[in-house]
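Fold and contact review
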Amino acid sequence: MGLKTFVMGGVHPPEQKISAAEAILTLPLPKTITVPVSQHLGSPAAVLVKRGDLVKTGQLLAKATGFISANIHSPATGKVAKIDVVMDQSGYKRTSVIIETTDDEWMEDIDTSSDLLREVTLSKKEIIDRIHNMGVVGLGGATFPVYVKMMVPEGKKAELLLINGVECEPYLTSDHRLMIERSDELMVGITILMRALVVEKAIIGIENNKPDAIEKLSALCQKYPGISVQALKVKYPQGGEKQLIKAVTGREVPSGKLPIEVGCVVDNVGTAVALYEAVQKNKPLIERIVTITGKAAKRPGNYLVRMGTPIRALIEAAGGLPENLGKVVGGGPMMGKALMDVEAPIVKGSSGVLLMTDEEAHRVAVRNCIRCARCTTVCPMGLEPYLLAQLVTHENWDKAEDNRIMDCIECGSCHYTCPSGRPLLDYIRLGKTKVGTIIRTRGKK
Amino acid sequence: MIYAVISLSAIGVAAAVILYFVAQKFKVIEDPRIDAVEELVPGANCGGCGYAGCRAFAEAVVNAGNMDGFNCPVGGNETMKAVARILGLEAEEKEPLVAVLRCSGSYAHAPKKANYEGASTCAFAHGLFSGESGCPYGCLGLADCVDSCAFDAMYMDPKTGLPVVIDDNCVACGACVKACPRNIFELRPKGKKERRIYVSCVNEEKGVHARKNCAVACIGCGACVKVCPFDAITMENNLAYIDPEKCKLCRKCAPVCPTNAILEINFPPRKERPEKAKDDAPKDPDPAPMPPQQPDMSQVH
């Protein structure tokens, strides 16, 4: 019997996990750190410090504003040099706190020891409050504030927790290394999540190209009741939460609905470890594991990086900028975004930095659509990308909405597979913003 | 044969009679002036008046019974006067407008820092990043405005990467204003002898950031505000704006701008003058300090 996977669509790009065997190294603190106040989905946090303030590692720098927002903590000890707008990975300038680092003195209430604390003593509400205060967001890439996910809406019940260790993006290995090197913390993190969500069962979904992680976590599952590991066939975009739910449980999230509709909550493995640190060690989310990789990278590797570290520092650690560099991508090759500036800081959502050579970095010339329907075949959401792109170019927003443009998860499989090199996803993204605005204004009326 | 002719003729006559009565019964009584107005307007269906097309405009203006707020920018004052005559009304004189690109971020002034290879539309690029030059307000150079122009009044200049408005073709329909995701275009009065002064920048960043990406960005220094004798220049969000209603085209602001962000269009070349611009205005062969609106009207007549 074949391994489980999601049914509809999907592609299998070359895996290229060249940094999979590299152990996680700690990147030294840079001299200046740039902490954007908007590192998460939702409204930017409000800055609490001012120029000249001395801050300690783990101190609250900016407070969440509104329901969907997250606290931002200082990733280092030092002086606030200025609060300014700085180009971040989004390609736009955003408000950031710039800190000149002097030292690494943690706040007193943070447990910096490496002991594993297995016993979870806090109640459900305390756990959620703690997660909110520590600014934990989903580390899979969407950076959705985790505490919001944990508050199951009235009338719905979570029965299954899915832990996303799929890492379906080619090249990236940060989750893979995390599962191997921090497996105990991961397990406790999952236990905390189960407790907060009041679920009995948790399944860790891991793609079959990480046998060492599957083996290690499967062995650990004996010690932690309710948790099991599910190996999955390698297929992109299995890490999308809807695809993961389909792959593991066979359930399908209805169009426009959240996973809770089918009783599932999905969290990334990185999130679970961050959650363990927040709840058990009182440690805010100020560092994460980032893969630096790519054909142009001299020494691909996995690094534990403080938020706000310029990407340049990471590239230098990996051997510096190569001569044949074509593009620096924040994230993986499928969903990542080319960077404007290597000074842009690492933020909560940065899972990797990809250095592409000049030969592979450029898009092919756009040719006409030949109606081969490959994009329709690979779309994991069952959409018709060629049609959506065409509707968007004709600004036919009503029809685009009827054809479920808002269901697109922006995985890029359509663009990847298009033999004519058409930028299908670009148009669909544009359409999603337009249709999203139309839907929101309609809701207000 | 004969039967066929007779029966067909009979059917024809019967149908004609029925149709005649039906037509009388369901007659749509339409103001004949609508057709007359539609005849007058240019028929470009550009939407510059704010209505779905020329017919919709004609219906609206006839039904409204007054001329307030109705203006066909393509036809201009002549057309509006003719429309007003049909309706027995008085048309207000409107100054002819022209689309003005408020960005000078050419390749030379705002060098490329990145190469964009995505979908060739400004609307998408605007959502994706701040632009090849890094300026989050400036022209993206992907020609959404040129595509939107129905009057062949625009083209992309390959040397600068910026769109160019052909003033003679521009009818100020406002399609480019709507098409630009960064709101760079503005409809400004054509001005006497097509002379215009405007701030060619929409960057609201602080001066130091604006300047980093573009040599000719408005840095919000306020020098032009101080020098303007007519209070025509306002400074908001680190950006100067010249109010065309108040501006008397005295040309005092442009030389004081440290970044040359203020553009003077169609003026004779400035004479070398070491002294202050005090006596410049009277000496100028074209009497600049004249109120711009009155003479413009006479020009139209």
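Residues numbered from 1 in each chain as written. Chains lettered and ligands numbered in written order. Predicted model: local features only at pLDDT ≥ 70, side-chain atom pairs only at ≥ 80, totals over all residues. Heavy atoms only, no water.

What follows deals with the interface of chain B and chain A. Between chain B and chain A, the residue contacts involve 20 residues of the former and 17 residues of the latter. Both faces combined, the contact of chain B with chain A buries some 1,500 Å², and carbon together with sulfur accounts for 57% of it. Where chain B meets chain A, there are 1 salt bridge. Remark: the boundary between chain B and chain A carries 10 residue pairs in polar contact (both at pLDDT 80 or more). (Contact = heavy atoms within 4.5 Å. Buried area = accessible area lost by both parts, 1.4 Å probe. Salt bridge = Lys/Arg side-chain N within 4 Å of Asp/Glu carboxyl O. Polar contact = N/O pair within 3.5 Å; in protein donor to acceptor, adjacent residues only side chain to side chain.)

Residue and element names in this part refer to chain A. Strand order in the open sheet formed by 4 strands is β11-β10-β9-β12, and the pairing between neighbours is parallel. Each of the sheet's edge strands pairs with one partner strand only, and the pair in question is β11 (227-232) and β12 (264-268). Between one strand axis and the next, the sheet turns by 25° as a mean value, whatever way the strands run. One ladder, built from 6 bridges, connects strand β10 (residues 201-207) with β11; its direction is parallel. Residue pairing across strands places Ile-206 opposite Ala-231, the latter belonging to β11. Contacts from helix α4 (residues 183-197) reach β9 (160-165), β10, β11 and β12, with the element oriented near 150° to β9. Together, β9, β10, β11 and β12 form the strand contacts of helix α6 (residues 241-249), whose direction differs from that of β9 by roughly 115°. (Pairing = 2+ DSSP bridges. Helix = DSSP H or I, 4+ residues; strand = E, 2+ residues; numbered from the N terminus. Axes fitted to C-alpha atoms, helices over the stretch in contact; angles between N-to-C directions.)

The subject of this paragraph is the packing of α4 of chain A against helix α7 (residues 269-281) of chain A. Residues and elements named next belong to chain A. For the pair α4 and α7, the least separation of the axes is 7 Å and the interaxial angle reads 80°. With respect to their mutual orientation, α4 and α7 come out roughly perpendicular. When α4 is examined against α7, the residues Glu-185, Leu-186, Val-188, Gly-189, Ile-190, Ile-192 and Leu-193 are found in contact with a partner set consisting of Val-269, Ala-272, Val-273, Leu-275, Tyr-276, Val-279 and Gln-280. Grouping the amino acids of the contact of α4 with α7 by side-chain chemistry returns 11 nonpolar, 2 polar and 1 charged. (Parallel < 35°, antiparallel > 145°, perpendicular 65-115°, else oblique. Nonpolar A, V, L, I, M, F, W, Y, C, P; charged D, E, K, R; others polar.)

Let's shift gears to the domain arrangement of chain B. Quite often, the size of an interface is put as the accessible area lost when its parts meet. Residue and element names in this part refer to chain B. Segmenting chain B into domains produces domain 1 (32-87) and domain 2 (97-266). Carbon and sulfur atoms make up 70% of the area that domain 1 and domain 2 hide from each other, which totals about 390 Å². It is Cys-46, Pro-73 and Val-74 that lose the most area in domain 1 upon contact with domain 2, and together they represent 71% of the buried surface on that side. Applying the counting criterion to the domain 1 and domain 2 interface returns 0 residue pairs in polar contact (both at pLDDT 80 or more). Class assignment for the residues of the side of domain 1 that touches domain 2 results in 4 nonpolar, 2 polar and no charged. (Domains from an automatic or database assignment.)

The next point concerns the sheet that holds strand β5 (residues 60-63) of chain A. Pairing in this open sheet of 3 strands is antiparallel, and the strands run β3-β5-β6 (chain A) from one edge to the other. One side of each edge strand has no neighbouring strand; the edge strands of this open sheet are β3 (46-47) and β6 (72-73) of chain A.

Before going further, it helps to spend a moment on the pattern of salt bridges. A complete count under the given rule lists 37 salt bridges over all chains for this structure. Of the charged contacts in the structure, one is a salt bridge between Asp-426 of chain A and Arg-363 of chain A, with a shortest N-O distance of 2.8 Å. Taken together, the positions of Asp-426 of chain A in helix α14 (residues 424-444) and Arg-363 of chain A in the loop between α9 (358-361) and α10 (374-378) put the pair 63 residues apart, joining distant regions of the chain. Given the relative accessible area of 4%, Asp-426 of chain A is considered buried. The salt bridge partner of Glu-38 of chain B is Arg-55 of chain B, with a shortest N-O separation of 2.7 Å. Taken as a pair, Glu-38 of chain B in helix α2 (residues 32-40) and Arg-55 of chain B in helix α3 (residues 54-64) lie far apart in primary sequence, 17 residues in all. A relative accessible area of 29% places Glu-38 of chain B in the partly exposed class. What you see here is one network of salt bridges that share partners, running through Asp-104, Arg-182, Glu-185, Glu-277, Lys-283, Glu-287 and Arg-306 of chain A. (Buried < 20%, exposed > 50% of the residue type's maximum accessible area, 1.4 Å probe, protein only.)

All names here are of chain A. Examined against the element boundaries, Lys-4 turns out to sit in the segment before β1 (24-26). Along the sequence, Lys-4 and Glu-207 sit 203 residues apart, while their C-alpha atoms lie 9.5 Å from each other. When residues no more than four places from it in sequence are discounted, the contact partners of Lys-4 are Gln-230, Ala-231, Leu-232, Lys-233, Gln-238, Ala-247 and Val-248. One polar contact links the side chain of Lys-4 to the main-chain carbonyl oxygen of Val-248, over a distance of 2.9 Å.

With that out of the way, let us pick up the nonpolar core. Residues and elements named next belong to chain A. Counting 56 residues, the largest nonpolar core has Ile-127, Ile-131, Met-150, Leu-161, Ile-190, Ile-204 and Ile-227 as the members making the most contacts within it. Sort the elements by how many residues they give to this core and α4 lands first, with 9 residues. Met-87, Met-381, Ile-428 and Val-435 belong to the second-largest nonpolar core, a separate cluster that totals 33 residues. (Core = buried A, V, L, I, M, F, W, Y, C linked by side-chain atoms within 4.5 Å.)

Residues and elements named next belong to chain A. Taken as a whole, chain A is organised into domain 1 (124-281) and domain 2 (374-444). The straight-line distance from the C-alpha centre of domain 1 to that of domain 2 is 28 Å. Every contact between the two is made by 6 residues of domain 1 and, on the other side, 7 residues of domain 2. Carbon and sulfur atoms make up 55% of the surface buried where domain 1 meets domain 2, a total of about 500 Å² over both sides. Taken together, the connections running from domain 1 to domain 2 amount to 0 salt bridges. The tally of links from domain 1 across to domain 2 stands at 4 residue pairs in polar contact (both at pLDDT 80 or more). For the side of domain 1 that touches domain 2, the class distribution of residues is 2 nonpolar, 3 polar and 1 charged.

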